[in-house]
Amino acid sequence: MSGHRVSIVGVTGAVGQVMLECLEQRNFPVGELCPLASSRSAGKKVTFKGQELTIQDLEKHEFQKGEIVLSSAGASVTRTFRERAIASGAVIVDNTSAFRMEEGVPLVIPEVNGDKVATHSGLIANPNCCAAILTVALWPLYKLSRIKRLVISTYQSASGAGAAAMADLVSQCGEVLEGKTPAPKAMPHQLAFNVYSHNAAIEANGYNGEENKVVAETRKIFNDPEIGIAITCVRVPVLRAHSEAVNIEFENPVSVEEAREAIRSAPGVRLVDDREKNYFPMPLDASGIDEVLVGRIRSDISRTDGRGLEIFISGDQLRKGAALNAVQIAEQLV
Ligand SMILES: NC(=O)c1ccc[n+]([C@@H]2O[C@H](COP(=O)([O-])OP(=O)(O)OC[C@H]3O[C@@H](n4cnc5c(N)ncnc54)[C@H](OP(=O)(O)O)[C@@H]3O)[C@@H](O)[C@H]2O)c1
């Protein structure tokens with residue numbers, strides 16, 4: 001067998017499906033692909049490189065030495081198989097929040113801290129989707145001058161909540177257009193023609209779990225525990241791709257032109273910043289592509305020291321915020 005044994009845990013999910021796409025599109029050296037899910041989906045089929053494969057029950061799967069496990073079935077699921085997979089010699093690239101902040105677990109965005117992949121002890125964590133698209137966009141700017149503080153507002157799509165939430169948004173829109181009041185199925189509130197504060201539980205500091213994840217993970221990825229980060233996470237009626245409005249305070253002055261040039265020449269990002277045409281990053285343009293779109297770069301008018309910029313970013317969180325980033329990490333493993 002040439003190529004590697006790769007398993008996808010949560011293959012029927014929004015992220016799992018895009019993992020299949022990314023492995024195929026990037027021509028990852030897959031020798032054997034093992035599609036895994038719960039017993040609910042065992043026996044169903046997925047297609048990979050034109051071949052139909054049968055989904056297996058994760059609980060019955062036997063991990064092997066050298067197997068790469070791309071995992072996206074929720075934190076509680078990763079907790080159930082982590083030890084047995086690592087004991088068999090497999091390496092897990094985990095999309096869930098289960099171990100991201102654990103000491104010694106690398107939390108990796110290849111364009112930022114890809115060198116950390118080599119330090120793993122069987123599990124590498126993939127960051128939260130908002131933290132992923134944020135850090136890949138900010139890293140070229142951070143290299144111009146250390147960032148002291150960020151104020152972020154997110155505009156998060158339904159796809160961030162999984163395949164069922166995407167289907168729910170589509171059906172809610174249909175119901176509203178038919179004059180009905182939709183009953184949300186996979187979301188806590190109506191999202192069609194509405195926005196709501198991210199449904200992650202509110203924690204002791206008054207921020208919700210999603211907001212606290214972005215703060216902690218951004219600091220870990222940048223290896224800079226001192227960055228001040230204030231954030232509000234909001235769900236918007238967009239099917240796919242998250243956006244974020246970010247106010248940045250630098251240690252030293254950074255001009256708009258310097259920032260544009262840094263984005264132009266950095267990997268993983270694309271400058272979309274056309275003031276004349278009023279054309280800036282949009283989730284529709286970001287959907288299905290690898291790069292995070294960065295634009296609306298302007299000097300913060302509330303300060304006179306040149307140390308503030310405002311930017312707007314859109315990134316496909318199913319790709320860079322999840323599946324693509326995981327496959328990029330796997331590429332570093334082989
Ligand atoms: N969506 C995003 O943008 C995004 C980004 C970054 C990280 N993540 C994380 O990735 C994970 C999956 O997200 P998603 O959006 O793809 O969710 P999703 O669409 O709801 O898919 C969940 C997947 O997990 C599987 N699963 C559930 N319970 C399982 C079990 N006990 N054993 C094995 N498989 C099980 C499901 O399989 P069945 O068909 O058998 O139910 C399905 O394939 C979550 O932890 C999420 O936080 C998501």
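Residues numbered from 1 in each chain as written. Predicted model: local features only at pLDDT ≥ 70, side-chain atom pairs only at ≥ 80, totals over all residues.

**Quick word on the overall build of the protein**
What counts is decided by this rule: Helix and strand definitions follow DSSP, with helices as H or I runs of at least four residues and strands as E runs of at least two, each counted in order from the N terminus. Two things to know: the radius of gyration comes from C-alpha atoms, and the globule rule equals 2.2 Å times the number of residues to the power 0.38. Residues with at least 20 other C-beta atoms within 10 Å of their own are called buried, those with 12 or fewer are called exposed, and the rest are partly exposed. The C-beta atoms themselves are positioned from the backbone. Any two residues are considered in contact once their C-beta atoms, placed from the backbone, lie within 7 Å.
Check the secondary structure of the protein and you find 9 helices and 16 strands. Scaling as 2.2 N^0.38, a compact globule of 334 residues should have a C-alpha radius of gyration of about 20 Å, and the protein matches this with 20 Å. When the backbone C-alpha atoms are referred to their principal axes, the protein occupies close to 60 × 55 × 40 Å. Taking all 334 residues of the protein together, 45% fall into the buried category. Within the protein, contacts between residues at least 6 apart in sequence are counted, and of these 67% link residues at least 24 apart.

**Observations concerning the sheet that holds strand E9 (residues 147-155)**
Backbone-to-backbone hydrogen bonds pair the strands of a sheet. The strands run either parallel or antiparallel. Heads up, the rule is: Two strands qualify as a pair provided that DSSP identifies no fewer than 2 bridges between them. To obtain an axis, a line is fitted to C-alpha atoms, over the contacting stretch when the element is a helix, and the angle between two such axes runs from 0 to 180 degrees between their N-to-C directions.
Pairing in this open sheet of 6 strands is mixed, and the strands run E11-E9-E13-E16-E15-E14 from one edge to the other. Here the strands that pair on one side only, and so sit at the sheet edges, are strand E11 (228-232) and strand E14 (269-271). For this sheet, the mean inter-axis angle between neighbouring strands, taken without regard to orientation, is 25°. Bridge count for E9 against strand E13 (residues 242-250) is 8 bridges, and the pairing is antiparallel.

**Concerning helix H2 (residues 75-87)**
In plain terms, the rule: For a helix, the expected span equals 1.5 Å multiplied by the number of residues minus one. Across the chain, bend at a residue is computed as the angle between axes fitted to the seven residues ending at that point and the seven starting from it.
The end-to-end C-alpha distance of H2 is 19 Å, a good match for the 18 Å that 13 residues give at a rise of 1.5 Å each. Approximately 40° is the largest bend angle found in H2, and it occurs at phenylalanine 81. For H2, the set of buried residues is Val77, Thr78, Phe81 and Ala85. In this structure, the buried residues of H2 make contact with strand E1 (4-9), strand E6 (68-71) and strand E7 (91-94). Glycine 89, located one to two residues past H2, shows a positive phi value of around 95°.

**With respect to the site of the ligand**
We count it as follows: Only the C-beta atom matters for this test: placed from the backbone, it must lie within 6 Å of a molecule or strand for the residue to be near it. Note on residue categories: nonpolar means Ala, Val, Leu, Ile, Met, Phe, Trp, Tyr, Cys or Pro, charged means Asp, Glu, Lys or Arg, and polar means any other residue, Gly included.
By nearness alone, 30 residues border the ligand, and Gly10, Gly13, Ser38, Ala73 and Gly162 come closest of all. Broken down by secondary-structure element, the contributors of at least two residues to the shell around the ligand are helix H1 (14-25), H2, helix H5 (163-177) and helix H9 (319-333). Considering every element that reaches the shell around the ligand, the biggest residue donor is H1, with 3 residues. Classifying every residue of the shell around the ligand by side-chain character gives 14 nonpolar, 15 polar and 1 charged.

**Observations regarding the domain arrangement of the protein**
Heads up, the condition is: What marks off one domain from the next here is an automatic or database domain assignment.
Structurally, the protein comprises domain 1 (4-127 + 322-333) and domain 2 (131-316). Placing the centre of domain 1 and that of domain 2 at their C-alpha centroids yields a distance of 25 Å. Every contact between the two is made by 13 residues of domain 1 and, on the other side, 17 residues of domain 2. Ranked by residue count, the leading element in the side of domain 1 that touches domain 2 is helix H3 (residues 110-113), at 3 residues. For the side of domain 1 that touches domain 2, the residue count by class is 7 nonpolar, 4 polar and 2 charged.

**Looking at the sheet that holds strand E2 (residues 30-37)**
Strand order in the open sheet formed by 6 strands is E5-E2-E1-E6-E7-E8, with parallel pairing between adjacent strands. Among the strands making up the open sheet, the edge pair consists of strand E5 (56-57) and strand E8 (123-125). The pairing of E1 with E2 spans 6 bridges and is classified as parallel. Within the sheet, the bridge partner assigned to valine 6 lies in E2 and is leucine 33. Here H1 sits on the sheet and contacts E1, E2 and E6; the angle it forms with E1, its principal contact strand, is near 155°.

**So, unusual backbone geometry**
Within the chain, lysine 49 stands out as a residue other than glycine whose phi angle is a positive 50°. Phi is positive for asparagine 223, which is not a glycine, with a value near 50°. Of note, asparagine 223 is situated in the loop between helix H6 (209-221) and E11. Owing to 9 C-beta atoms within 10 Å, asparagine 223 belongs among the exposed residues under this scheme.

**Quick word on helix H4 (residues 129-142)**
Taking 1.5 Å per residue as the helical rise, H4 with its 14 residues ought to reach 20 Å, and the 19 Å between its terminal C-alpha atoms agrees with that figure. In H4, a bend of some 30° at valine 136 exceeds every other bend along the element, and proline 140, a proline, comes one to four places later. Most of H4 is tucked away: 13 of the 14 residues are buried.

**Digging into the nonpolar core**
Operational definition: The term nonpolar core refers to a set of buried Ala, Val, Leu, Ile, Met, Phe, Trp, Tyr and Cys residues connected through C-beta atoms within 7 Å.
Counting 92 residues, the largest nonpolar core has Met19, Val69 and Ala323 as its most contacted members. Here this core gets 11 residues from one element, more than from any other, and that element is H4. Excluding residues within four positions of it along the chain, methionine 19 makes contact with Ile8, Leu70, Ala323, Ala326 and Val327.

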